[in-house]
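# Structure assessment
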Amino acid sequence: MAKRSIIPNFVTMSNMIMGFLAIIYANRGDSESLAIAGILVFAGSFFDLTDGAIARALDVESPIGVELDSLADAVTYGIAPAIIAYYFYLNTLPEICCGFNLGMILALLFPVCAIYRLARFNVADKMNGFSGLPSPAAGIVVASVPCLVTIELPFFGQAGFTMPVEYYIPLYVIAAILMVSRVDYNKLFSDIAKKGKVASIVTLIVLIIVFLLFQMWAVFAIAFLYLITGIVRYIIKFNK
């Protein structure tokens, strides 16, 4: 069992590796590197989606695998998106003093919320229900925006769109706050996987087709719609 557990743990660590590489690319600061960093955050989601399924298939689910998953998510969907956001938008905000600017303070909000959300889920939410925007969805919606600019990258198209900073900052803040909110979000892909192999295969095929047609626009749109869906459901539930 110990030897078999290496496989899902390696997949989990691959998620973290994508986040680590995203941080390195984001620190270069140019548009193409930031777009690649966003793509790497998205690529981490493939490992994040499959590590649990592999562990269940091999019957090697363990507490250490759960902790590794949370730590990898903290890097890929907490720290990496914040660094991408800082170098793409937030570093242009006014300086406070001694080289310390407002963008640094704002950038901190995202990893703080993401890491707290992951810790809260491990301790409480498994017993009390799933609430708050999942960190992968929040990280992808924030990190994928630099991928929408006109950059020639294989398989990822040329979206030719730059989101104004006046729109990006509210999106960044809302995504961060939603992670630590009590807004109900179902684990969409986990729920699909529980419905059987046919549902999983059909979902995968649909996602691949959508991605091939719309490239990174599809990634951003799906993550953004998932974010909005939780808010709409919460408003409807609140009004009732």
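Residues lying three or four places apart along an α-helix face the same way, a consequence of the helix completing one turn every 3.6 residues. Between its first and last C-alpha, helix α9 (residues 216-239) extends 35 Å over 24 residues, near the 34 Å set by a 1.5 Å rise per residue. Those residues of α9 lying buried are M216, A218, V219, F220, A223, Y226, L227 and G230.

The next thing to look at is the packing of helix α2 (residues 31-57) against helix α5 (residues 135-143). Contact pair α2 / α5: the axes reach a minimum separation of 8 Å and the direction vectors enclose 155°. In this view, α2 runs roughly antiparallel relative to α5, as classed from their interaxial angle. Seen along the crossing, α2 lies across α5 with a hand that is left-handed. For the pair α2 and α5, the contacting residues are G38, V41, F42, S45 and D48 in the first and P136, G139, I140 and A143 in the second. A breakdown of the residues in the contact of α2 with α5 according to their chemical character gives 5 nonpolar, 3 polar and 1 charged.

Bringing the environment of A53 into the picture now. Mapping A53 onto the fold places it in helix α2. Counting along the chain gives 45 residues from A53 to P8, while the straight-line C-alpha distance between them is 8.5 Å.

Contact geometry for α5 and helix α6 (residues 165-179): axes closest at 10 Å, N-to-C directions at 175°. By the angle class used here, α5 and α6 are roughly antiparallel. For the pair α5 and α6, the contacting residues are S135, A138, V141 and V142 in the first and Y168, L171, Y172, A175 and M179 in the second. Class assignment for the residues of the contact of α5 with α6 results in 8 nonpolar, 1 polar and no charged.

What counts, and where the lines are drawn
For every chain, the first residue of the written sequence is number 1, and numbering continues from 1 along that sequence. For a predicted model such as this one, the threshold for reporting local features is a pLDDT of at least 70, and the threshold for listing and counting side-chain atom pairs is 80 or more; totals across whole chains, interfaces and linings nevertheless cover every residue. Hydrogens are left out, water is left out, and the side-chain values use all remaining heavy atoms of the structure. Each helix is a run of DSSP H or I of at least 4 residues and each strand a run of E of at least 2, with the numbering of both proceeding from the N terminus. Each residue after the first adds 1.5 Å to the expected span of a helix. Exposure categories follow from relative accessible area, calculated using a 1.4 Å probe and restricted to protein chains: below 20% of the type maximum is buried, above 50% is exposed, and the middle band is partly exposed. Convention adopted: a line fitted to C-alpha atoms gives each axis, helices being fitted over their contacting stretch, and angles between N-to-C directions are expressed from 0 to 180 degrees. Here the angle decides the label: under 35 degrees means roughly parallel, over 145 means roughly antiparallel, 65 to 115 means roughly perpendicular, and every other value means oblique. Crossing handedness is read from the near helix: turned anticlockwise from the far helix by less than a right angle, it gives a left-handed crossing, and turned clockwise, a right-handed one. Note on contacts: a residue pair is in contact if any heavy atoms of the two residues lie within 4.5 Å. Polar here means any residue outside two lists: the nonpolar Ala, Val, Leu, Ile, Met, Phe, Trp, Tyr, Cys and Pro, and the charged Asp, Glu, Lys and Arg; Gly therefore counts as polar.

It is worth stressing that arrangement in space is one thing and function is another; only the former is reported here.
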